[in-house]
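Observations on the model geometry
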Amino acid sequence: MKELTALIAFSRLRSLSRIKKRQLVEGLPRIAPLFEGRTRLYDEAVRDEISAFKGGGDIDAELAALEKIGAHVVTIKDEAYPASLKNTPDPPLVFYKLGPLSTGEDTIAIVGSRRATDEGMNLSEKIADTLSALGITVVSGLARGIDASAHRGALKGPGKTVAVLGCGLDICYPPENRKLFERVAREGAVITEYGLGDPPIPRHFPERNRIIAGLSKGVLVVEASERSGSLITARLGVEYGRSVMAIPGSIFNEEYKGANALIKQGAKLIDTIEDIIAECFPGLKIIKKEPIDMDSTEDYIYAIIGHHKIHKDEVIEKSNMAAKDVMAVLTMLEMKEAIREIAGGFYIRK
């Protein structure tokens, strides 16, 4: 049996914990002899499971399918395996990767609610954009809400982004993020420890969160309810010795209760991007973007639009200008990427 096939088979054994698997892999020069009967283990349950294994051909077929879609297999014995992830207690023995990006040391996880507010998603995208402009790679889970916004922001800069899935590489979950999935795979990296065809079942998501935390120098929670899965990522970040940060929000908003609780428990309160830089990347300086060139009317309308969404009718009312003139200015501000339109006729600053 090929060593790669054996490592994949060994990673999928159910009778051993991840920690025990790692110990055995690191203690043996090769894993293939276990499946060939040339190396024996004392654990009877493991010995029986290995003896009963007949799926080598299936794994070889899966490897061929992975190669066909341009995916790479990275094992814990490879030089390409990220050092930060390898230094966690329970890293995956094998993961599968689509995309050209190799993760380095300058990485940060940005996570949060799937039911995020428009303001939260806007903030997530803006933070990721700023960090990526500094060459920092943003890691997240491709979920709805905060995760997807973080990926979109990070794709604007050279740092790019890594999406960690809770399913196989042949499945996009949630399906509405298909275009984002494809772009991350082209420009960044999509990774998973699950084989082709493995579905996005509930238990996979807490498991994949350890990879998000493990890859990252710090974990930033933008919005999170009390039951948000991003709190698992934050807890794992603490266990792994990562910096854990959270953005505070209204005590009346359920989507901020988890983030506010993290701050009470000792997470660093973040109210500027400089706080993130100081916490995780001391020495880096934020690149100040050139101010957007606006005429006096555009500047006037821009001042009415804040970081909380506002409806176009309210903008018109506050401006004391004709509706058609306000709409023309809003269109121009969108073209200059100063603001963005949100569903329902709302606008917010970018």
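So, here is what we can say about the structure in this document. (Residues numbered from 1 in each chain as written. Predicted model: local features only at pLDDT ≥ 70, side-chain atom pairs only at ≥ 80, totals over all residues. Heavy atoms only, no water.)

With respect to the packing of aromatic side chains
For any pair of aromatic rings, the description rests on two quantities: the centre-to-centre distance and the angle between the ring planes. Across all of its chains, the model carries 2 aromatic pairs by this definition. Taken together, a centroid distance of 5.4 Å and an interplanar angle of 55° make the contact between Tyr 81 and Phe 95 tilted. Of the two residues, Tyr 81 sits in the loop between β1 (72–75) and α6 (83–86) while Phe 95 sits in strand β2 (residues 94–98), which places them 14 residues apart along the sequence. Centre to centre, the rings of Tyr 173 and Phe 205 are 5.8 Å apart; their planes meet at 45°, and the pair counts as tilted. Pair noted here: Tyr 173 is in the loop between β5 (161–164) and α9 (178–187) and Phe 205 is in helix α10 (residues 204–215), with a separation of 32 residues, a long-range link. (Phe/Tyr/Trp six-rings, centres within 6.5 Å; stacked < 30°, edge-to-face > 60°. Helix = DSSP H or I, 4+ residues; strand = E, 2+ residues; numbered from the N terminus.)

Examining the layout of surface pockets
A volume near 1,200 Å³ is recorded for the largest pocket. Along the walls of the largest pocket sit 40 residues, with Lys 126, Thr 130, Ile 273, His 307 and Lys 350 positioned nearest its centre. Sort the elements by how many residues they give to the lining of the largest pocket and helix α7 (residues 118–133) lands first, with 10 residues. Taken together, the residues of the lining of the largest pocket break down into 15 nonpolar, 10 polar and 15 charged. By volume, the second largest pocket is sized at about 730 Å³. Lining the second largest pocket are 25 residues; nearest its centre among them are Ser 11, Arg 12, Leu 13, Lys 21 and Arg 203. Ranked by residue count, the leading element in the lining of the second largest pocket is α10, at 3 residues. The residue inventory of the lining of the second largest pocket, partitioned by class, reads 12 nonpolar, 3 polar and 10 charged. (1 Å grid on protein atoms, 1.4 Å probe; cavity = no way out; pocket = protein on both sides within 12 Å on 5 of 7 lines; lining within 4 Å. Points joined across faces, edges and corners; volume = space filled by probe spheres on them. Nonpolar A, V, L, I, M, F, W, Y, C, P; charged D, E, K, R; others polar.)

Section: the sheet that holds strand β9 (residues 268–269)
Spatially, the 9 strands line up as an open sheet ordered β1-β2-β6-β5-β4-β3-β7-β8-β9, and their pairing is mixed. Two strands bound the open sheet, and with one partner strand each, they are β1 and β9. Strand direction decides the pairing type here: strand β3 (residues 107–111) and strand β4 (residues 137–140), joined by 3 bridges, are parallel. Bridge pairing in β4 places Ile 108 opposite Val 138. Those strands touched by helix α8 (residues 146–154) are β3, β4 and β5, and its axis lies near 140° from that of β3. Running at roughly 155° to β5, α10 makes contact with β3, β4, β5, β6 (189–192) and β7 (218–221) of the sheet. (Pairing = 2+ DSSP bridges. Contact = heavy atoms within 4.5 Å. Axes fitted to C-alpha atoms, helices over the stretch in contact; angles between N-to-C directions.)

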